[in-house]
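Residue-level structural notes
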Amino acid sequence: MIICKTEREIAIMREAGKIVALTHQELKKHIQPGITTKELDNIAEKLIRSYDAVPSFKGYNGFTGSICASVNEELVHGIPGKRILKAGDIISIDIGAQYNGYHGDSAWTYAVGEIAESDQKLMDVTETSLYKGLEEAKPGERLSNISHAIQTYVEAHGYSVVREYVGHGVGQNLHEDPQIPHYGPPGKGPRLKPGMVLAIEPMVNAGTRFVRTLADNWTVVTTDRKNCAHFEHTIAITETGYEILTKV
């Protein structure tokens with residue numbers, strides 16, 4: 001069941017989203033060669049809690065981190081630990097914060113020092129595909145118009161859209177209906193309505209679309225070990241379009 005939020009609920013989610021965005025801003029300052037993913041996790045948790053919020057991911061189905069930190073060929077759900085970032089790496093940071101009972105959720109992929117031109121292009125295309133999808137986020141339009149716009153843009157640039165992991169509704173639960181694939185034909189799925197809050201999060205591989213989960217039962221990697229990128233915003237459908245909630 002898709003739960004449309006009231007103006008009061010969206011106001012709270014706007015604050016949760018702002019905390020997520022501020023945490024991304026802070027982590028970006030620290031993403032440098034030599035730092036560990038656990039150190040980034042510690043910075044994020046301390047900042048989120050300083051805003052009287054709780055890291056959404058910590059303890060979620062047993063996950064041990066406050067953020068997901070996924071490096072290079074790791075797509076999502078990377079567990080923060082002893083891994084030291086090196087110049088030339090790219091890292092996807094997924095952050096969730098629960099504030100007054102509601103969640104904000106956003107992911108971004110960052111360069112570690114100087115990176116390859118090919119990796120920068122992958123990141124640029126993935127980020128742009130997110131906004132191409134958001135252009136279709138209008139009341140009365142079908143949900144899959146977002147999916148189709150993302151897939152069309154990504155594949156036109158020679159990359160692959162991951163299909164095993166999708167966007168989702170957000171609210172009092174971190175994952176709510178509807179599920180939002182980042183691929184598929186237009187004109188399908190429910191019609192968008194004001195009050196819907198959605199996490200749109202294209203996950204894009206430089207090579208094939210196929211992924212697998214490592215032995216830790218969390219970290220998802222590309223099967224061909226080529227790099228991947230992940231960008232996500234939480235948005236609210238409005239009377240005229242959409243509002244990004246995960247921003248400062």
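Up top you'll find the structure we're talking about.
The model shown is predicted, which means the values in this text are computed figures rather than measured ones.

The next thing to look at is the sheet that holds strand E11 (residues 211–213). Spatially, 3 strands are ordered E3-E12-E11 in an open sheet, and the strand pairing comes out antiparallel. One side of each edge strand has no neighbouring strand; the edge strands of this open sheet are strand E3 (74–76) and E11. Mean inter-strand twist for the sheet, computed between neighbouring axes without regard to direction, equals 40 degrees. As paired strands, E3 and strand E12 (residues 220–222) are joined by 2 bridges and run antiparallel to one another. Following the sheet pairing, Glu74 is matched in E12 by Val221.

Among the 10 residues in strand E4 (residues 90–99), 8 count as buried, and that is most of the element. Here strand E1 (residues 54–55) runs beside E4; their pairing, made up of 2 bridges, is antiparallel. Looking across to E4, one finds that Val54 is bridged to Gln98. Direction of pairing for strand E2 (residues 67–71) relative to E4: antiparallel, over a ladder of 5 bridges. Looking at E4, one finds that Ser70 is bridged to Ser92. Summarising the sheet, E4 and strand E5 (residues 102–111) pair through 10 bridges and their orientation is antiparallel. By the bridge assignment for E5, Ile90 is matched with Ala111.

To continue, consider the sheet that holds strand E6 (residues 160–161). The antiparallel open sheet is built from 3 strands, whose spatial order is E6-E10-E13. With one partner strand each, in any of the chains shown, E6 and strand E13 (228–230) form the two edges of the open sheet. Pairing geometry for E6 and strand E10 (residues 203–205), over 2 bridges, is antiparallel. Paired with Val161 across the strands is Val204, a residue of E10.

Moving on: the nonpolar core. Taken as a class, soluble globular proteins show a tendency for nonpolar side chains to be buried jointly. Counting residues in each nonpolar core, the largest one holds 45 residues, and the members touching the most others are Leu40, Ile91, Ile93, Leu198 and Ile200. With residues up to four places along the chain from it excluded, the contact list for Leu40 reads Leu27, His30, Ile31, Ile35, Ile67, Leu85, Ile91 and Ile93. Counting residues in hydrophobic clusters, the runner-up holds 9 residues, among them Met13, Val197, Ala236 and Leu245.

Its place among the elements puts Asp119 in helix H3 (residues 117–134). Sequence-distant contacts of Asp119, that is, excluding residues within four places in its chain, are made with Gly88, Ile90 and Asn227.

Take helix H2 (residues 37–50) next. A rise of 1.5 Å per residue sets the reference length of H2, with its 14 residues, at 20 Å; its end C-alpha atoms lie 20 Å apart and thus fit the reference within 8%. Residues Thr37, Leu40, Asp41, Ala44, Glu45, Leu47 and Ile48 constitute the buried set of H2. Structurally, H2 contributes buried residues whose contacts are with helix H1 (7–30), E1, E2 and E4.

Moving on, we come to the packing of H1 against H2. In the contact formed by H1 and H2, the axes pass within 10 Å of each other and the chain directions differ by 145 degrees. The handedness of the crossing between H1 and H2 is right-handed. Contact residues: Ile19, Leu22, Thr23, Glu26, Leu27 and His30 in H1; Leu40, Ile43, Ala44, Leu47 and Ile48 in H2. When grouped by side-chain class, the residues that make up the contact of H1 with H2 number 8 nonpolar, 2 polar and 1 charged.

On to the pairing of strand E14 (residues 233–237), then. Counting buried positions along E14 gives 5 out of 5 residues, so the element sits mostly inside the fold. Along E14, one buried face is formed by His233, Ile235 and Ile237 and the opposite face, lined by Thr234 and Ala236, is buried too. Here strand E9 (residues 197–200) pairs with E14 via 4 bridges, running antiparallel. Across the sheet, the residue bridging to Leu198 is Ile235, located in E14.

What counts, and at which threshold
Each chain carries its own residue numbering, running from 1 in the written order of its sequence. Thresholds applied to this predicted model are a pLDDT of at least 70 for local features of residues and 80 or more for the giving and counting of side-chain atom pairs; totals over whole chains, interfaces and linings are not thresholded and use all residues. The side-chain figures draw on all heavy atoms in the structure; neither hydrogens nor water molecules are used. Only when DSSP finds a minimum of two bridges between them are two strands counted as paired. Under the DSSP-based scheme used, a helix requires at least four consecutive residues in state H or I and a strand at least two consecutive residues in state E, with every element numbered from the N terminus. Orientation is described by lines fitted to C-alpha atoms, with helices fitted over the stretch in contact, and by angles between N-to-C directions that extend from 0 to 180 degrees. Residue exposure (1.4 Å probe, protein chains only): buried if accessible area is under 20% of the type maximum, exposed if over 50%, otherwise partly exposed. Residues grouped as a nonpolar core are buried Ala, Val, Leu, Ile, Met, Phe, Trp, Tyr and Cys residues, joined through side-chain atoms within 4.5 Å. Note on contacts: a residue pair is in contact if any heavy atoms of the two residues lie within 4.5 Å. An expected span of 1.5 Å times one less than the residue number is assigned to each helix. Each crossing gets its handedness from the near helix: less than a right angle anticlockwise from the far helix is left-handed, clockwise is right-handed. Asp, Glu, Lys and Arg are counted as charged, while Ala, Val, Leu, Ile, Met, Phe, Trp, Tyr, Cys and Pro are counted as nonpolar; the rest, among them Gly, fall into the polar class.

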